[in-house]
Amino acid sequence: MKEKELQKGAIVRERYRIEKILGQGGFSITYLATDERMNVPVALKQYDMSKLLTGDEAKREAQLAACFYDLEGIAAARDYFEEQGIFFIVMEYVDGINITDFVKHHGSMNGQDVLEKMRPILHSLSRIHEKGVIHRDISGDNLILSADGKLKLIDFGAARQRIQDDEKPYTLIYKRGFAPIEQCQSHGVQGPWTDVYAVCATMYFMLTGIIPDDAVDRMIHDRVRPLEDFVGIGLNREEAAAIMKGMAVEVKKRYSSVRDLYSDLYGEKLVQSEISTEANWTYREDRKNRKQNTTYLARQVERFYRKKYIKKKYLIAVILVLLLIVTGFMFWRNTSAGNQTERIARATGQPVKPKKPEKSEKPSQVKVGEYTGKNQKDIQKELKFYQKKGMRLQIIKKYSRKKKGRVLSQKPSSGSVYTSWKEVTLTLIVSRGEKPERTPEPTPKKTSKPKQEKGKSEKGSVTFHGNLDEL
């Protein structure tokens, strides 16, 4: 029987007053409650006993979370108890918003801000792995951004301690986009590398606002855009490459520990805790010597998606069969129609039209494009490809009323055909802009000639006024 939700104002164990529901998962309901004895808010997690037959899982989660009360960035458990056959965990309440909702409302985050906020999480996660525990459910939903701008990792419900019996199957916890390929297999080899994938996928989401493709789909065809291709995310090439390596689909190409990831992201090494014992995490194939080859993984993928996509697979198969039938029928109809026309022509004595000979393949040709009217810089970028193949490019600039850099004409003209780019010499006439006007030279001022006295020539000689014969 499914447990009923607790109503607002309900008192649990004469101490915790229910305020509201914070979230609901497959096995539990989490409430915001008030610890009336301490007068502080807490997160109260109630387990659904219709899906959980004993309190072992709740007890184990409480014990695991309680071990990490001293780690920065980890929401620890405070108490665990049973009330009327229902199991509860009292956990630290983090007042804030989860990363998934934050990115949806505010957009992607700056790279350096992400690295700064994730630093204590990675440091504490490394300590958790040293104690032989993996979280297995790291995503934007389980990272809470508090009011003071710090991140807290919550929900150790899917956490798993290292076990000696490698044949014991893991419970399938698979959050699409954030879970690695080994988590879709009941006998998948899991370890710190499992949390590494989830952490890096979460950081990818924080940086881009894009949930990565599912690991199963990436195994078949990886279409996740590398962080190096994004502009302005605030990471250098080494930091972006480290996150992408942590998201590698194949375990062997991924970081084997958070310590190695931390070293490449921050340029410093994490020192192993002296008081903790290093868990012997090693990646190895399972006991049946089954290799993680393509055939084995494909079989696991098929089992994982069988229930969900069985109808879709049948539908696709039926559509393909129908397409084959229709295509075959059309081919048969066209062929029989042609033969029938030929038989009728022969029976009536009409000439039979000869079949058109198949066209022989023409030698490869290259064609010059249209560049007139375009911008010179854009054309040069486009023509680099052809220049590598042997085309020669000449640019001649001349004054014109057209905008500077605009191509006025080209030679050869567009559509000209050659057998190879090595034969092409493309000449572009490019506008230099309007010709600047010359500034007129200043005209010299006219100087007035001194008036000559009557009777004197310019050279100072005497001039005669009158009749020369009378002298």
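Preceding block: the structure.
Computed from a prediction, not measured in an experiment: that's the story for all the values here. (Residues numbered from 1 in each chain as written. Predicted model: local features only at pLDDT ≥ 70, side-chain atom pairs only at ≥ 80, totals over all residues. Heavy atoms only, no water.)

A. Structural detail: the overall build of the protein chain. Helix and strand counts for the protein chain come out as nine helices and 16 strands. Taking as baseline every contact in the protein chain between residues at least 6 positions apart, the subset at least 24 positions apart corresponds to 62%. For the protein chain, the computed accessible surface area is about 31000 Å², with 52% contributed by carbon and sulfur atoms. (Helix = DSSP H or I, 4+ residues; strand = E, 2+ residues; numbered from the N terminus. Contact = heavy atoms within 4.5 Å. Areas by Shrake-Rupley, 256 points an atom, 1.4 Å probe, with all protein chains shown as cover.)

B. Molecular detail of the sheet that holds strand S10 (residues 151-153). Reading across from one edge, S7-S9-S10 is the order of the three strands in this open sheet, with antiparallel pairing throughout. At either end of the open sheet lies a strand with only one pairing partner, and these are strand S7 (96-98) and S10. Sheet twist, expressed as the mean angle between neighbouring strand axes with direction ignored, is 30 degrees. Across three bridges, S7 lies against strand S9 (residues 143-146) in antiparallel orientation. What sits directly across from isoleucine 97, in S9, is leucine 145. Contacts between helix H2 (residues 99-106) and the sheet are confined to S7, S9 and S10, with S7 contributing the most and set at about 90 degrees to the helix. Relative to S10, helix H3 (residues 111-130) is tilted by about 30 degrees, and along the sheet it contacts S9 and S10. (Pairing = 2+ DSSP bridges. Axes fitted to C-alpha atoms, helices over the stretch in contact; angles between N-to-C directions.)

C. Layout of a positive patch on the surface. Taken together, the side chains of Lys377, Lys381, Lys384, Lys388, Lys397, Lys404 and Arg432 present a region of like positive charge at the surface. At four residues, the largest contribution of residues to the positive patch is made by helix H9 (residues 376-388). Structurally, the position occupied by lysine 397 is in strand S13 (residues 392-398). Overall, the relative accessible area of 47% leaves lysine 397 in the partly exposed class. (Patch = residues over 30% accessible without salt bridge, like charges linked within 9 Å, V, L, I, M, F, W, Y side chains within 5 Å. Salt bridge = Lys/Arg side-chain N within 4 Å of Asp/Glu carboxyl O. Lys, Arg positive; Asp, Glu negative; His and termini not counted. Charge placed at Lys NZ, Arg CZ, Asp CG, Glu CD. Buried < 20%, exposed > 50% of the residue type's maximum accessible area, 1.4 Å probe, protein only.)

D. Region of the structure containing unusual backbone geometry. In this structure, the amide linkage connecting lysine 411 to the following residue, proline 412, adopts the cis form with an omega of 0 degrees. Position of proline 412 among the secondary structure elements: in the loop between strand S14 (407-411) and strand S15 (417-418). The backbone of arginine 13 shows a phi angle near 60 degrees, a positive value even though the residue is not glycine. Of note, arginine 13 is situated in the loop between strand S1 (11-12) and strand S2 (16-24). With phi around 60 degrees, asparagine 39 is a residue other than glycine that occupies positive phi space. Looking at the secondary structure, you find asparagine 39 in the loop between strand S3 (28-35) and strand S4 (40-47).

E. Layout of the sheet that holds S4. Taking strand neighbours across the sheet as the criterion, the six strands line up as S1-S2-S3-S4-S6-S5 in an open arrangement whose pairing is antiparallel. The sheet is open, and its two edges are formed by S1 and strand S5 (77-83), each paired on a single side. Of the pairings in the sheet, the one linking S3 to S4 comprises eight bridges and is antiparallel in character. When the sheet's bridge partners are listed, alanine 33 is paired in S4 with valine 42.

F. Structural view of the nonpolar core. Ile99, Met118, Leu227 and Leu265 are the most contacted members of the largest nonpolar core, which totals 54 residues. The set of elements that each furnish at least two residues to this core consists of H2, H3, S9, S10, helix H4 (192-208), helix H5 (215-220), helix H6 (237-246) and helix H7 (258-266). It is H4 that contributes the most residues to this core, 11 residues altogether. Ignoring anything within four residues of it in the chain, the contact list for methionine 118 reads Leu143, Leu151, Val199, Met203, Met206 and Tyr266. (Core = buried A, V, L, I, M, F, W, Y, C linked by side-chain atoms within 4.5 Å.)

G. Just the pattern of salt bridges, in detail. The tally for this structure, following the rule as stated, stands at 16 salt bridges. For aspartate 137, the salt bridge is made with lysine 175, and the minimal N-O distance between the two is 3.5 Å. Of this pair, aspartate 137 sits in the loop between strand S8 (133-134) and S9 while lysine 175 sits in the loop between strand S11 (160-161) and H4; the two residues are 38 residues apart in sequence, bridging distant segments of the chain. For aspartate 214, the salt bridge is made with arginine 176, and the minimal N-O distance between the two is 3.8 Å. Residue aspartate 214 is found in the loop between H4 and H5, and its partner arginine 176 is found in the loop between S11 and H4; the two are separated by 38 residues along the sequence. By relative accessible area, which is 5% here, aspartate 214 ends up buried. Several salt bridges converge on common partners, so that one network encompasses Arg17, Glu19 and Glu36.

H. Quick peek at the packing of aromatic side chains. The tally for this structure, following the rule as stated, stands at eight aromatic pairs. Between phenylalanine 178 and phenylalanine 205, the ring centres sit 6.2 Å apart and the planes meet at 90 degrees, which makes this aromatic pair edge-to-face. Residue phenylalanine 178 is found in the loop between S11 and H4, and its partner phenylalanine 205 is found in helix H4; the two are separated by 27 residues along the sequence. When sorted by exposure, phenylalanine 178 lands in the same class as phenylalanine 205, which is buried. With 6.3 Å between their ring centres and 85 degrees between their planes, tyrosine 204 and phenylalanine 230 make a pair best called edge-to-face. With tyrosine 204 in helix H4 and phenylalanine 230 in the loop between H5 and H6, the pair connects residues that are 26 residues apart, well separated along the chain. Accessibility expressed as a relative area gives 2% for tyrosine 204, which makes it buried. (Phe/Tyr/Trp six-rings, centres within 6.5 Å; stacked < 30°, edge-to-face > 60°.)

I. A look at H7. Within H7, the full set of buried residues consists of Val258, Leu261, Tyr262, Leu265 and Tyr266. One face of H7 carries all of its buried residues, which in axial projection span an arc of 105 degrees. Those residues of H7 hidden inside the fold are in contact with H3, H4 and H6. Note on H7: the residue one or two positions beyond its end, glycine 267, has a positive phi of about 70 degrees. (Arc of directions from axis to C-beta.)

J. Expanded view of empty space enclosed by the protein. Scanning all chains against the criterion turns up one cavity of 30 Å³ or more. The calculated volume of the largest cavity comes to roughly 50 Å³. The wall of the largest cavity is formed by 10 residues, among which Arg136, Asp137, Ile138, Lys175 and Ala179 lie closest to the centre. Residue composition of the lining of the largest cavity, by class: five nonpolar, two polar and three charged. (1 Å grid on protein atoms, 1.4 Å probe; cavity = no way out; pocket = protein on both sides within 12 Å on 5 of 7 lines; lining within 4 Å. Points joined across faces, edges and corners; volume = space filled by probe spheres on them. Nonpolar A, V, L, I, M, F, W, Y, C, P; charged D, E, K, R; others polar.)

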